[in-house]
Amino acid sequence: MQKLTVKNFDLAQTLESGQIFLYTKINGWYLITAKNKLFKIRQNGNKMEFDGADKKFITNFFALDEPYEKILSAIDKDEIISAAIENHYGLRIMRQDPWECAVSFVLSQNSNIPRITKNISSLCNEHGKELRLGNQTAYAIPLPKEIANSRKLSSMSLGYRESYLRELAKKTNTEKLRKLEKLSFEQALEKITELPGIGDKVGQCILLFSLGQHSAFPVDVWIERAMKQFYNLDSGLTSKHIQTLGRTYYGKYAGYAQQFIYHYSRNNKHLFSEEPEVSIV
DNA sequence: CGTCAGGTAGCCA
DNA sequence: TGGCTACCTGAC
């Protein structure tokens, strides 16, 4: 068991903000499968306890070395985002493995959380390396080579995502995706959306959650609804418009704003029946 | 039953 | 560019 003292970090807010799918809560511990590892972690105030990973890994994975207050003040433009930040203070954008992130979000498209989790889990159980922690067992997100020619893939109920995933596995991997870290956001997005099954939304999720592109502003149905409602935007705007607007309005760390708004809207569904509060256009 | 779900790709004006 | 539409599957 290892320990770490943290500040400006909330484990539950971070894990439950929809960035990752492979975690479960058991007896007060979060059991997490990520980066080819199975580890457990819990938080009590500013004290973290964990097993199966070291301090360096935890610090990096949860981005505990980011200048949190600086990021928040950069995106804190109005009372809407302020409320979202206040409600979910301590939420951070994690640093996932880009291949694992790509697999997760390709499988997430046009689906729902229970099904996404089921799909990813069965993919891992049938293809991934066995991981252990004490008496717990789990399976890693499979590597490209473990997917590319798999015959079991068609029994995972992935639907049309199956061919996206298989073709993706033939075309890319963690090392190739890492090259997008150094590019500008625009170039990185252009490159990543050339890959099969990766469009604007999934591409920006990967850029944001695993490639350090913090100005990415992925727009899904929740963000689109929330932005239109919260900021009283024209209902005819497309997700592309919202995307551009979000990036422009929130700036360098727009991705953090997106994550706060996303989590806030999902946890406060009643807000959608109220009057919009702020106009920014 | 129909609708919807953390979209993408392909086609057409 | 912008506006359709088909698409696997299962939860609700």
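Up top is the structure these notes are about.
Residues numbered from 1 in each chain as written. Chains lettered and ligands numbered in written order. Predicted model: local features only at pLDDT ≥ 70, side-chain atom pairs only at ≥ 80, totals over all residues. Heavy atoms only, no water.

## Observations concerning the protein's contact with DNA strand B
As a matter of local geometry, DNA strand B sits amid 23 residues, with Gly 18, Ser 111, Gly 197, Gly 199 and Val 202 nearest to it. Separating a sugar or linking oxygen of DNA strand B from a side-chain N or O atom of Gln 109 is a distance of 3.5 Å. For the surface near DNA strand B, the elements supplying multiple residues, two or more each, are α11 (200-210), α12 (221-230) and α14 (254-267). When the residues that make up the surface near DNA strand B are grouped by side-chain class, the tally is ten nonpolar, eight polar and five charged. (Near = heavy atom within 4 Å. Polar contact = N/O pair within 3.5 Å; in protein donor to acceptor, adjacent residues only side chain to side chain. Helix = DSSP H or I, 4+ residues; strand = E, 2+ residues; numbered from the N terminus. Nonpolar A, V, L, I, M, F, W, Y, C, P; charged D, E, K, R; others polar.)

## Focus: the pattern of salt bridges
Note on pairing: side chains with opposite charge can pair once their charged atoms come close. Scanning the entire structure with this criterion turns up ten salt bridges. A salt bridge links Glu 162 to Arg 166, with the shortest nitrogen-to-oxygen separation between them at 3.5 Å. Highlighted residues: Glu 162 and Arg 166, both in helix α8 (residues 161-171), separated by four residues, approximately one helical turn. Each member of the pair, Glu 162 together with Arg 166, is buried. The salt bridge involving Glu 181 is made with Arg 178; its shortest N-O contact spans 3.2 Å. Glu 181 gets classed as partly exposed once you look at its relative accessible area, which sits at 37%. Via salt bridges that share partners, Asp 65, Glu 66 and Arg 95 belong to a single interconnected network. (Salt bridge = Lys/Arg side-chain N within 4 Å of Asp/Glu carboxyl O. Buried < 20%, exposed > 50% of the residue type's maximum accessible area, 1.4 Å probe, protein only.)

## As for the pairing of strand β7 (residues 136-139)
With four bridges joining them, strand β6 (residues 130-133) and β7 adopt antiparallel strand pairing. Looking across to β7, one finds that Leu 131 is bridged to Ala 138. From the end of β6 to the start of β7, which pair antiparallel, there are two residues, and Gly 134 there has a positive phi angle of about 60°. (Pairing = 2+ DSSP bridges.)

## What to know about the protein's contact with DNA strand C
As a structural note, the neighbourhood of DNA strand C is formed by Asn 110, Asn 112, Arg 115, Ser 157, Leu 158, Gly 159, Tyr 160, Arg 161 and Thr 238. A breakdown of the atoms of DNA strand C within 4 Å of the protein gives sugar and phosphate a share of 46%. Note that a phosphate oxygen of DNA strand C is positioned 3.4 Å from one of the side-chain N or O atoms of Ser 157. Contact distances for DNA strand C include 2.7 Å between a base oxygen and a side-chain N or O atom of Arg 161. Classifying every residue of the surface near DNA strand C gives two nonpolar, five polar and two charged.

## Notes on helix α10 (residues 185-192)
Turning to α10, its buried residues number three or more, namely Phe 185, Ala 188, Leu 189 and Ile 192. Projection of α10 onto a plane perpendicular to its axis shows the buried side chains occupying an angular sector of 100°, all on one side. Relative to its buried face, α10 has exposed residues pointing more than 90 degrees away, namely Glu 186 and Glu 190. Elements that come into contact with the buried residues of α10 comprise α9 (174-178), α11 and α13 (239-250). (Arc of directions from axis to C-beta. Contact = heavy atoms within 4.5 Å.)

## Some remarks on the pairing of strand β2 (residues 23-26)
Bridging between β2 and strand β3 (residues 29-34) involves four bridges; their strand directions are antiparallel. Opposite Ile 26, over in β3, you have Trp 29 as the bridge partner.

## Side note on the nonpolar core
Grouped together as the largest cluster of nonpolar side chains are 69 residues, with contacts concentrated most on Ile 192, Met 227, Tyr 231, Tyr 250, Phe 260 and Ile 261. Non-local contacts of Ile 261, meaning those with residues more than four positions away in its chain, are made with Ile 80, Ile 81, Ala 84, Ile 223, Ala 226, Met 227, Phe 230, Tyr 231 and Tyr 250. By size, the runner-up hydrophobic cluster in this structure holds 20 residues, among which are Leu 4, Ile 41, Phe 57 and Leu 64. (Core = buried A, V, L, I, M, F, W, Y, C linked by side-chain atoms within 4.5 Å.)

## Here we look at the side chain of Gln 204
Position of Gln 204 relative to the elements: it lies in helix α11. At 2.7 Å, the side chain of Gln 204 forms a polar contact with the backbone nitrogen of Phe 217.

## Considering the packing of aromatic side chains
Under the defined criterion, the tally for this structure stands at 15 aromatic pairs. Considering the side-chain rings of Phe 39 and Phe 61, the 5.9 Å spacing of their centres and the 90° angle between planes classify their relative orientation as edge-to-face. Here the residue Phe 39 occupies a position in strand β4 (residues 37-44), and Phe 61 occupies one in helix α2 (residues 55-61), the gap between them amounting to 22 residues. A relative accessible area of 0% means that Phe 39 is categorised as buried. The ring of Phe 57 has Lys 37 sitting right over it, with the charged end atom 5.0 Å from the ring centre. Cation over ring: Arg 225 sits above Trp 222, and NZ or CZ is 4.7 Å from the ring centre. (Phe/Tyr/Trp six-rings, centres within 6.5 Å; stacked < 30°, edge-to-face > 60°. Lys NZ or Arg CZ within 6 Å of the ring centre and 35° of its normal.)

Coordinates in, geometry out; function isn't part of it.
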